[in-house]
Amino acid sequence: MELLRVEALKKYFFSGKGFSGPDKVLKAVDGVDFALEKDSVLALVGESGCGKSTLARLVLRLTTPTGGRVFFKGQDVFAMGREELKSFRKSAQIVFQDPFASLNPRRTVYDTISEPLIIHKIGKRQDHKDVVAEILRTVGMGPEVMTRYPHEFSGGQRQRICIARALAVSPEIIVADEPLSALDVSIQAQIINLLMELKKSTGISFLFISHDLRVVHYLSDMVGVMYLGRIVEHAKADDLFARPFHPYTEMLLASAPKISVGDMKKPEGIRVASAGGEAPSPFNIPSGCPFHPRCPKRFGPCDRVVPKLRESEGRLVSCHLWHNPE
Amino acid sequence: MSLLEVRGLDITFRSDTLPVTAVSGLDLEIAESEIFGLAGESGCGKSITALSIMGLLPPNASASGSILFKGMDLLTLDKESKRRLRGKEMSMIFQEPMTSLNPVLTIGYQLAEVLFTHLDMSKRDAMDKAVELLKAVRIPSPEIRVKEYPHQMSGGMRQRVMIAMAVACGPSLLIADEPTTALDVTIQAQILELIERLREERKMSILFITHDLGIIAENASRVGIMYAGRLVELADTADIFNDPRHPYTIGLLGSIPKGKGTQLRPIPGNVPRMQDLPEGCKYENRCSYAISACRTAEPFMYKVSEGHFARCIRTDEVRWNS
Ligand SMILES: Nc1ncnc2c1ncn2[C@@H]1O[C@H](COP(=O)(O)OP(=O)(O)O)[C@@H](O)[C@H]1O
Ligand SMILES: Nc1ncnc2c1ncn2[C@@H]1O[C@H](COP(=O)(O)OP(=O)(O)O)[C@@H](O)[C@H]1O
Ligand code: SF4
Ligand SMILES: [Mg+2]
Ligand SMILES: [Mg+2]
């Protein structure tokens, strides 16, 4: 079943109303389409500034789009009335990167996790203690932590509390924006395992944003690769990691340091970075294929014709190498 | 011969209550022209180890032991000589270049300043040399870039500028403390390539600090793994990844996702604060190999093979199994 659908979604920021010249337009999200199936994890990857967080905020109606639509179970999220919106807010939760900033330092763990229960009038007040204890158990914490405050916990434990808060209202989808980035490697692995268990036991779908390709491969079913506000490749995670189609995906995968245990070979000499240049400013998106200035494979039409995101061998790619630019 | 030899390094912070020992009994050697990777999770003491080598410890910290650099003990060397070494013979780059760049001076001026302070160069020559240095770190249109200010550059370009400043006087040791942690993987790959090229061209030694074992695997020739202020395993890079022999190293490696379907084996518990470490082996309370003997005394470094050491009394039995 399709849980979420995003159509031609755009978010532009306007700035620099100067004395001379027109407004400058920053195209943070510039025409994105995707669907998220129930019971699955869709990861968004791409360099910083490519629009991942803005897209996440749009999907959750935390900001208004410049164009395009978002459907949650067939309902237009931006056309929802009060009641529908309230139920959407319950169904779609978010977990942020920084578990320090996203918890109120003056509220106990119990207050934090029971708050959404009160807001959404879930269960009887006198049962909340049991409910909270049960949710804490799901995220691997004991009931004794309920009376404690955020500062008493490590980063990993705080992220567990944030996840517990998101779980409290039994959401159907969790948007997780770089939920592991602030954590140490050994703690990241604990949270990854927790997310995997949740995925199996609850059927919650995830929109998972991360810059760690190893984690993305491990955790996600589908991957959308973003570049300058657009999705340039959308494929099954296994397919994408086995063989990237888009030259940008190829560049990203080749840039990530490889690790293998037990059969590591000594690298010979200097590893030449496959990545050329840096992403241009979203104020100034290149003509034709936005990736063409950095693309080692560009040819004839690339600097003139904008490639469309189209199907090729069971995935979506926007690159002239994969489709004739007619 | 080693360029740098650290012996029995202890670093202690004074505090209102008890002093906190943040680094204890650290030994390491860095050979000429090698990349030595120092890895471990946050708070384990990587940065202050680096700062103690640079002579830049904060005022509430003190170091003991010895740090021999080209035969001189940096811990007993006078302030003035240390200041002269810094920037000339050894230099350091950080995760966030913005904190070490002056926002109101041009890139060119800041580069030139390093040159005329240390190399007795005229300001004019130094400005010319600045352009050359920007070229050496592969900054496009260096003639234009020298006139720019730090905020006009991307994070990756600023890190290149920091590297240019660090190598300006031809140091024999470069300390790189998480220099790519704030950058995208694509830019990280470029910076790593640059560092590696400069090392080869200039025969510099590099102390590369990172929490990312992937970077170590691809770039370092030797590796030290730190936990709670101690070096717990030391080996050639291939040995660390092919035959890790400290349970913490195994825990770190088991925490890294390696393809779908493989089991992730995280380390239980949390990274401890220096104030509440166990008595014996500092890893004992998170270690699946721990026995009662681990609780009584802190293990020393056991020799696993030539050049391979692990701080674990059970290292003979400790094995990676996939
Ligand atoms: N509120 C805002 N006002 C102006 N520009 C913004 C705002 N939020 C994001 N941006 C810009 O939009 C682009 C995409 O940002 P973001 O969605 O945060 O990217 P990512 O999460 O992929 O790093 C960036 O260039 C960013 O500077
Ligand atoms: N300015 C300081 N004052 C007191 N203690 C400090 C200070 N800086 C670092 N420490 C202590 O030193 C330990 C190691 O810090 P650091 O070297 O920065 O770790 P790493 O670079 O490995 O993340 C910290 O866990 C902390 O206990
Ligand atoms: S369309 Fe052209 S420039 Fe763009 S990714 Fe494909 S080959 Fe490269
Ligand atoms: Mg973001
Ligand atoms: Mg550090």
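None of these values were measured; they are calculated from a predicted model.

Asker: Help me out: how do you make sense of the overall build of chain B in this one?
Answerer: Looking only at helices and strands, chain B features 11 helices and 12 strands. Whereas a compact globule of 322 residues would reach a radius of gyration of roughly 20 Å, chain B reaches 21 Å, a difference of no more than 12%. Across chain B, the fraction of contacts at a sequence separation of at least 24, relative to all contacts at a separation of at least 6, is 63%. By element, 52% of the accessible surface of chain B is carried by carbon and sulfur atoms, the whole surface being about 13,400 Å². Where the 37 positive side-chain charges of chain B centre and where its 40 negative ones centre are 2 Å apart.

Asker: Is there a simple way to think about the site of ligand 1 in this case?
Answerer: Residue and element names in this part refer to chain A. Around ligand 1, the neighbouring residues are F13, L26, A28, S48, G49, C50, G51, K52, S53, T54 and P282. Here K52 contributes a backbone N or O atom positioned 2.8 Å from an oxygen atom of ligand 1. Protein chains bury 59% of the 560 Å² of accessible surface belonging to ligand 1 in isolation. For the shell around ligand 1, the secondary structure elements donating two or more residues are strand 2 (24-37) and helix 1 (52-59).

Asker: Explanation requested: the pairing of strand 10 (residues 230-236) of chain B in the structure shown.
Answerer: Note on strand geometry: in a regular strand, side chains alternate between the two faces of the sheet. All names here are of chain B. Taking burial as the measure, the 7 residues of strand 10 include 6 buried ones, the bulk of the element. Counted between consecutive antiparallel strands, the loop separating strand 9 (residues 222-227) from strand 10 contains 2 residues, among which A228 sits at a positive phi close to 45°. Strand direction decides the pairing type here: strand 10 and strand 12 (residues 308-310), joined by 2 bridges, are antiparallel. Directly across from E233, in strand 12, lies its bridge partner A310.

Asker: For this particular structure, what's the right way to read the environment of T64 of chain A?
Answerer: Residue and element names in this part refer to chain A. Mapped onto the elements, T64 comes out in the loop between helix 1 and strand 4 (67-72). On the basis of relative accessible area, T64 is assigned to the exposed category, the value being 53%. Put simply, T64 and L4 are 60 residues apart on the chain and 17 Å apart in space, counted from C-alpha to C-alpha. Once residues within four sequence positions are removed from consideration, T64 is found in contact with K11, L58 and F78.

Asker: Is there a simple way to explain the interface of chain B and chain A in this structure?
Answerer: How big an interface is tends to be expressed through the accessible area that disappears when the partners come together. Counting residues at the interface gives 48 residues for chain B, matched by 43 residues for chain A. Summing both sides of the interface, chain B and chain A together bury roughly 4,000 Å²; the carbon and sulfur share of this comes to 58%. On the chain B side of the interface with chain A, the three residues burying the most area are T186, E218 and K260 of chain B, jointly 17% of the side's total. The interface formed by chain B and chain A holds 2 salt bridges in total. D212 of chain B is the salt-bridge partner of R214 of chain A, the closest N and O atoms lying 3.5 Å from each other. Remark: the boundary between chain B and chain A carries 20 residue pairs in polar contact (both at pLDDT 80 or more). Elements supplying a minimum of two residues to the side of chain B that touches chain A: helix 6 (155-167), helix 7 (185-202), helix 8 (213-219), helix 9 (237-242) and helix 10 (247-254) of chain B. At 10 residues, helix 7 of chain B tops the list of elements feeding residues into the side of chain B that touches chain A. Residue composition of the side of chain B that touches chain A, by class: 20 nonpolar, 17 polar and 11 charged.

Asker: Got a minute to help me understand the pattern of salt bridges in this structure?
Answerer: Opposite charge on two side chains permits them to pair, given that their charged atoms come into close proximity. For the structure shown, the criterion picks out 30 salt bridges over all chains. In this structure, the salt-bridge partner of E134 of chain A is R137 of chain A, at a minimum N-O distance of 2.7 Å. Highlighted residues: E134 of chain A and R137 of chain A, both in helix 4 (residues 128-138), separated by 3 residues, approximately one helical turn. Residues joined in a network through salt bridges with shared partners are E5, R7, D27 and E29 of chain B.

Asker: Explain the pairing of strand 4 (residues 61-69) of chain B here, please?
Answerer: Residue and element names in this part refer to chain B. Pairing between strand 1 (residues 2-13) and strand 4: 8 bridges, direction antiparallel. Each residue of the ladder has a partner; that of F13, found in strand 4, is A61. Note that strand 4 and strand 5 (residues 72-73) share 2 bridges and pair antiparallel. What sits directly across from F69, in strand 5, is M72. Between the antiparallel neighbours strand 4 and strand 5 lie 2 residues, among them K70 with a positive phi of about 50°.

Asker: I tried to follow the environment of R271 of chain A on my own but got confused; where do I start?
Answerer: Within the fold, R271 of chain A resides in the loop between helix 9 (247-255) and strand 11 (310-312). Residue R271 of chain A is classed as partly exposed on the basis of its relative accessible area, which comes to 37%. Taking the C-alpha atoms as reference, R271 of chain A lies 36 Å from P99 of chain A; in sequence the two are 172 residues apart. When sequence neighbours within four positions are dropped, the list of residues in contact with R271 of chain A reads A254, S255, A256 and K258 of chain A together with A189, E193 and E218 of chain B.

Asker: Even after reading the chapter, I still don't get the site of ligand 3, so can you show me in this structure?
Answerer: By nearness alone, every residue bordering ligand 3 is listed as H246, P247, C289, F291, H292, C295, K297, R298, C302, C319, H320 and L321 of chain A. Partitioning the shell around ligand 3 into residue classes produces 7 nonpolar, 3 polar and 2 charged.

Asker: Whenever I open this one, the sheet that holds strand 2 (residues 20-31) of chain B confuses me. Can you help?
Answerer: Residue and element names in this part refer to chain B. Judged by pairing direction, the sheet is antiparallel, and its 4 strands sit side by side in the order 2-1-4-5 without closing on themselves. Looking at the sheet topology across the chains shown, the edges are occupied by strand 2 and strand 5. Across the sheet, helix 1 (residues 46-54) lies against strand 1, strand 2 and strand 4, angled at about 115° from strand 1, the strand it touches most.

Asker: Mind showing me how you'd approach the packing of aromatic side chains here?
Answerer: For any pair of aromatic rings, the description consists of the separation of the ring centres together with the inter-plane angle of the planes. This structure, assessed with the given rule, holds 10 aromatic pairs over all chains. Pairing F72 of chain A with F88 of chain A gives two aromatic rings, centres 5.3 Å apart and planes at 65°, and the pair type is edge-to-face. Residue F72 of chain A is located in strand 4, and its partner F88 of chain A is located in helix 2 (residues 82-91); the two are separated by 16 residues in the primary sequence. Across the pair, exposure class does not vary: F72 of chain A and F88 of chain A are buried alike. Consider the rings of Y248 of chain B and Y283 of chain B, whose centres lie 5.3 Å apart with planes at 70°: the pair is edge-to-face. Of this pair, Y248 of chain B sits in helix 10 while Y283 of chain B is found in the loop between helix 10 and helix 11 (292-296), placing the two residues 35 residues apart along the sequence.

Asker: Explain the nonpolar core here, please?
Answerer: Soluble globular proteins tend to pack their nonpolar side chains together in the buried interior. Grouped together as the largest cluster of nonpolar side chains are 70 residues, with contacts concentrated most on I163, L213, I225 and F241 of chain B. With sequence-adjacent residues up to four places away left out, I225 of chain B is seen in contact with A39, L213, R230, L231, V232, E233, I240, Y248, T249 and L252 of chain B. With 64 residues, the next largest nonpolar core counts A164, A235, A237 and I285 of chain A among its residues.

Asker: What is the right way to look at helix 2 of chain A in this model?
Answerer: Each α-helix winds once per 3.6 residues, and so residues spaced three or four apart point in a common direction. Residue and element names in this part refer to chain A. Within helix 2, the full set of buried residues consists of L85, F88 and S91. Take helix 2 and look down its axis: the buried residues cluster within an arc of 120°, on one side only. Away from its buried face by more than 90 degrees, helix 2 exposes R82 and E83. Packing partners of the buried residues in helix 2 comprise helix 1, strand 4, strand 6 (92-95) and strand 7 (173-177).

Asker: What is the right way to read the side chain of R145 of chain B from this model?
Answerer: For R145 of chain B, the location among the structural elements is in helix 5 (residues 142-145). At 2.6 Å, the side chain of R145 of chain B forms a polar contact with the side chain of E148 of chain B.

Asker: What exactly am I supposed to notice about the sheet that holds strand 9 of chain B here?
Answerer: Two orientations exist for strands paired in a sheet by backbone hydrogen bonds: parallel and antiparallel. All names here are of chain B. With mixed pairing, the 8 strands of this open sheet are ordered in space as 6-7-8-3-9-10-12-11. At either end of the open sheet lies a strand with only one pairing partner, and these are strand 6 (90-93) and strand 11 (302-305). Neighbouring strand axes in the sheet, compared pairwise and without regard to direction, differ in orientation by 20° on average. The pairing of strand 6 with strand 7 (residues 173-177) spans 4 bridges and is classified as parallel. Bridge assignment links I93 to a residue of strand 7, and that residue is A176. Relative to the sheet, helix 1 contacts strand 3 (35-39), strand 6, strand 7, strand 8 (205-210) and strand 9, its axis offset from that of strand 6 by approximately 150°. Lying over the sheet, helix 10 contacts strand 9 and strand 10, oriented at roughly 95° with respect to strand 9.

Calculation rules
- Residues numbered from 1 in each chain as written.
- Chains lettered and ligands numbered in written order.
- Predicted model: local features only at pLDDT ≥ 70, side-chain atom pairs only at ≥ 80, totals over all residues.
- Heavy atoms only, no water.
- Helix = DSSP H or I, 4+ residues; strand = E, 2+ residues; numbered from the N terminus.
- Rg over C-alpha atoms; globule rule 2.2 N^0.38 Å.
- Contact = heavy atoms within 4.5 Å.
- Areas by Shrake-Rupley, 256 points an atom, 1.4 Å probe, with all protein chains shown as cover.
- Lys, Arg positive; Asp, Glu negative; His and termini not counted.
- Charge placed at Lys NZ, Arg CZ, Asp CG, Glu CD.
- Near = heavy atom within 4 Å.
- Polar contact = N/O pair within 3.5 Å; in protein donor to acceptor, adjacent residues only side chain to side chain.
- Buried < 20%, exposed > 50% of the residue type's maximum accessible area, 1.4 Å probe, protein only.
- Pairing = 2+ DSSP bridges.
- Buried area = accessible area lost by both parts, 1.4 Å probe.
- Salt bridge = Lys/Arg side-chain N within 4 Å of Asp/Glu carboxyl O.
- Nonpolar A, V, L, I, M, F, W, Y, C, P; charged D, E, K, R; others polar.
- Axes fitted to C-alpha atoms, helices over the stretch in contact; angles between N-to-C directions.
- Phe/Tyr/Trp six-rings, centres within 6.5 Å; stacked < 30°, edge-to-face > 60°.
- Core = buried A, V, L, I, M, F, W, Y, C linked by side-chain atoms within 4.5 Å.
- Arc of directions from axis to C-beta.

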